[in-house]
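# Secondary and tertiary structure notes
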Amino acid sequence: MLAFILGLFCSCGPAPKAKSSAQLSEPTSERRTTPLQVACTPTAPEICFNATDDNCNGMIDEGCGLPLGPLQVALAWSDAEADLELLVTDPNLEAADVGRFLPSGLTKDRDCPGEGAACKGLNVETVYLPEGEPLHGNYSIRVSLERLGRSGDPVKARLGFHIGPQRGAYELRLVRVGEVVVFRADI
């Protein structure tokens, strides 16, 4: 059985001098992240492109055309003009990228909003392991705000993850370009 620990680190712009810019802590309103108590219903339909396991089967957005596997990290946001970046680093300190499979098996399905037809107007990025057992060790899940939307309002996003039977979701609210939220996972 996998042991899964998820800690939250956040670098939300310049940190006050008295604090480190990355501290293990519970989410706070200052950090603009909220852990979701995902109340899934086994008989509920899966809602597409919300980075959540709505029907309790351990898969995020299945049946929606997104890749699935025993390890899946999904980031979804609705502001079509905003650009968020999902970066997942495996225990070998290699980052999953579009079109390349790491030796650990991880890959990234698309980079949204992006050019061409890959995103189809939907801002969803997924890093996943198509098959096999996830590599044991430390994973880093990093979300950064690359561009605000046209309105300049904070960008609201949802980050969902599952590694084997462990799963969870966070709501993020990113305000400034360059703002970064980093999650650490040990399996």
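Residues numbered from 1 in each chain as written. Predicted model: local features only at pLDDT ≥ 70, side-chain atom pairs only at ≥ 80, totals over all residues. Heavy atoms only, no water.

### Regarding the overall build of the protein chain
What the protein chain contains, in helices and strands, is 0 helices and 10 strands. When the elements of the protein chain are put in sequence order from the N terminus, they spell out β-β-β-β-β-β-β-β-β-β. Classification of the 187 residues of the protein chain by burial places 45% in the buried group. Contacts spanning at least 24 positions in sequence make up 61% of the contacts within the protein chain whose residues lie at least 6 apart. (Helix = DSSP H or I, 4+ residues; strand = E, 2+ residues; numbered from the N terminus. Buried < 20%, exposed > 50% of the residue type's maximum accessible area, 1.4 Å probe, protein only. Contact = heavy atoms within 4.5 Å.)

### Some words on the pairing of strand β4 (residues 83-89)
Successive side chains on a regular strand alternate, one facing one side of the sheet and the next facing the other. Counting buried positions along β4 gives 5 out of 7 residues, so the element sits mostly inside the fold. As judged from the 7 bridges shared by β4 and strand β7 (residues 138-147), these two strands associate in the antiparallel manner. Residue pairing in the sheet places Asp 83 in a bridge with Arg 147 of β7. (Pairing = 2+ DSSP bridges.)

### Things to note about the nonpolar core
Grouped together as the largest cluster of nonpolar side chains are 31 residues, with contacts concentrated most on Leu 75, Leu 86, Leu 106, Leu 159 and Leu 172. Put simply, the parts of the chain that give this core at least two residues each are β3 (71-77), β4, β6 (123-129), β7, β8 (155-163), β9 (166-174) and β10 (180-186). By residue number, the principal contributor to this core is β8, which donates 5 residues. Discounting chain neighbours no more than four positions away, the residues touching Leu 106 are Leu 71, Val 88, Asp 90, Ala 96, Arg 100, Phe 101, Val 127, Tyr 128, Leu 129 and Tyr 139. Counting 6 residues, the second-largest nonpolar core is a separate cluster that includes Ile 60, Leu 66, Ala 74 and Val 124. (Core = buried A, V, L, I, M, F, W, Y, C linked by side-chain atoms within 4.5 Å.)

### Looking at the confidence of the model for the protein chain
Low-confidence regions, as indicated by low pLDDT, have predicted coordinates that should not be scrutinised in detail. Considering every residue of the protein chain, the mean pLDDT works out to 78; 76% of them sit at 70 or more. Element-level pLDDT for the protein chain is lowest in strand β1 (residues 5-11), with a mean of 40, against a maximum mean of 96 in strand β5 (residues 107-108). Taken as a whole, residues 1-31 scores under 50 in pLDDT and shows 64 contacts with residues more than four places along the chain or in a different chain. (pLDDT = per-residue confidence, 0-100.)

### So, the pairing of β6
Among the 7 residues of β6, 7 are classified as buried, and the element is accordingly described as predominantly covered. Of the strand pairs in this sheet, β3 and β6 are connected by 7 bridges, and their pairing is antiparallel. Bridge pairing in β6 links Gln 72 to Tyr 128. Where β5 lies against β6, 2 bridges are found, and the strand directions are antiparallel.

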